[in-house]
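Observations on chain architecture
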Amino acid sequence: MKAVRIHGYGSGEKLMYEDAPLPKIGSTEVLVRVVAAAVNPVDWKIREGYLQQMIPYSMPLTLGWDVSGVVDAVGAEVSRFKVGDAVYSRPDIKRNGTYAEYVAIREQELAHKPRLISHVEAASLPLAGITAWEALINAGGLSAGQRVLIHAGAGGVGSLAIQLAKARGAYVITTTSARNGALVKSLGADQVIDYRSQAFHEQVKDVDLVFDTIGGAVQDSSWAVLRPGGILVSITSPPAPERAESLGVRCAYVFIEPNAEILAHYAELVDSGQVRPLVGAEFALEDIAKAHALSETGHTVGKIVLYVGQP
C-alpha cells in the first residue's frame, strides 16, 4: 500500500510518500480502507519531534490520526462492525496513523460514520470534534442558557465548538477575523469579535466558560471575562490553578484520547442537521507537504483533509 511516513524528525522534507507494509490486525482490531484522512497541528508537531519525550515513536512512522473509510477486514473478536461498514475514528496517537491506504484500528476506537455526509467531511470530525466535546461538555459542564466564549471560531476545533455549544442551548461568543464573521454567524455564533480590531476582554464579561484554543496572551486575557465560578478550559497549555483560585474561578486542561462514544453522538448531531463539518482545503495524499505547510500557518478555515482512496 501507499503511505506517508517519516524516517526521522524534522521539516516537511521528511514526509515520504512511499510503499509500506499492509497493517496486520489483532483479534480485537479492524482493518480500515482509508477514503479520507485529516491534517491536524499535532501531526506536524510530531513530525518536528516536539512530542518525542511524551511519546517515544519507532521509525518509520505513519502520521495522521483522523480517518473515514470502509471496513476491509475484522478480527475474530470484533462484534460491532462488519466488512463494508462505513466508519470513522480518531485512533490511538501512539500507533501508526492514517496517512495511508489502510490502517489498523482497535474496535473500541471506531464509530459508524454519519450517513448524510461524505467521507471527506467525516474525516474532518473526529479529533476536532472529540476535543470540542471534552472541553465544553466533559471539562466545562456547559449547559443551556450559559454564556461561552470560543476563541478562533473559524478554525477546525472552534467551528465545531460553536455548533456544539449552540446545540446545547448556550449563548455563543467567538473571536475571528472580520472576513470570517459571516461564516461563524452561519455556524451559530450570537456575538462575533474581530480579534484584529477589538480587544475581546474589553467587549465581553460575565462568561460562564472560556474555550482557549490559542494560549499565550489570549489565555492570559481570558481570565478577566469570566464570571465568579466560571471556568477557563484550554487545549494549548494548562492554565494555572493558583491563579484560578485567586480569581474565584476554575480551570481545566484537555488532552484527548480516542472516544467512539463521542463520535456516535456526533453522528446523530450531523444526521439531524445540528452540526456540519467545515472543510477548508483538500489535498491528495501525495501532496502532504503542501497540506502540512498550510496547517503550519495557523490561519486555516475549518479542517484540512487528504483524499486517499475511492469510497
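My aim in this report is to walk through the structure given alongside it, one point at a time.

Cut-offs applied
- Residues numbered from 1 in each chain as written.
- Predicted model: local features only at pLDDT ≥ 70, side-chain atom pairs only at ≥ 80, totals over all residues.
- Heavy atoms only, no water.
- Salt bridge = Lys/Arg side-chain N within 4 Å of Asp/Glu carboxyl O.
- Helix = DSSP H or I, 4+ residues; strand = E, 2+ residues; numbered from the N terminus.
- Expected span 1.5 Å × (residues − 1).
- Buried < 20%, exposed > 50% of the residue type's maximum accessible area, 1.4 Å probe, protein only.
- Core = buried A, V, L, I, M, F, W, Y, C linked by side-chain atoms within 4.5 Å.
- Phe/Tyr/Trp six-rings, centres within 6.5 Å; stacked < 30°, edge-to-face > 60°.
- Lys NZ or Arg CZ within 6 Å of the ring centre and 35° of its normal.
- Contact = heavy atoms within 4.5 Å.

With that settled, the discussion passes to the pattern of salt bridges. All told, the structure shown has 14 salt bridges when counted by the stated rule. Asp19 is the salt-bridge partner of Lys2, the closest N and O atoms lying 3.2 Å from each other. Note that Lys2 is positioned in strand E1 (residues 2-6) and Asp19 in strand E2 (residues 16-19), a separation of 17 residues in sequence.

Another point: helix H4 (residues 156-167). Along its twelve residues, H4 runs 17 Å from first to last C-alpha, staying within 8% of the 16 Å computed at 1.5 Å per residue. For H4, a buried count of ten out of twelve residues is recorded, marking the element as mostly surrounded by other parts of the structure. Looking one or two residues past H4, Gly169 carries a phi angle of roughly 90°, positive in sign.

Bringing the nonpolar core into the picture now. Counting 78 residues, the largest nonpolar core has Ile46, Tyr99, Leu136, Val148 and Tyr266 as its most contacted members. Element by element, the count of residues in this core is highest for helix H3 (residues 126-139), at eight residues. Ranked by size, the runner-up nonpolar core spans 13 residues in total, among them Leu149, Val207, Leu232 and Val249.

Counted under the stated rule, the structure contains two aromatic pairs. Plain terms: the ring middles of Trp133 and Tyr266 are 5.8 Å apart, the flat faces sit at 65° to each other, and that makes the pair edge-to-face. With Trp133 in helix H3 and Tyr266 in helix H9 (residues 260-271), this pair connects stretches of sequence that are 133 residues apart. Just as Trp133 is buried, Tyr266 falls in that class too. It is Lys45 that lies over the ring of Trp44; its NZ or CZ is 5.8 Å from the centre.

This paragraph deals with the environment of Ala135. Mapped onto the elements, Ala135 comes out in helix H3. For Ala135, a relative accessible area of 0% corresponds to the buried category. Taking C-alpha positions, Ala135 is 23 Å from Gly280, a pair spaced 145 residues apart along the chain. Beyond its immediate stretch of four places on either side in the chain, Ala135 contacts Gly140, Leu209, Phe211, Val233 and Val254.

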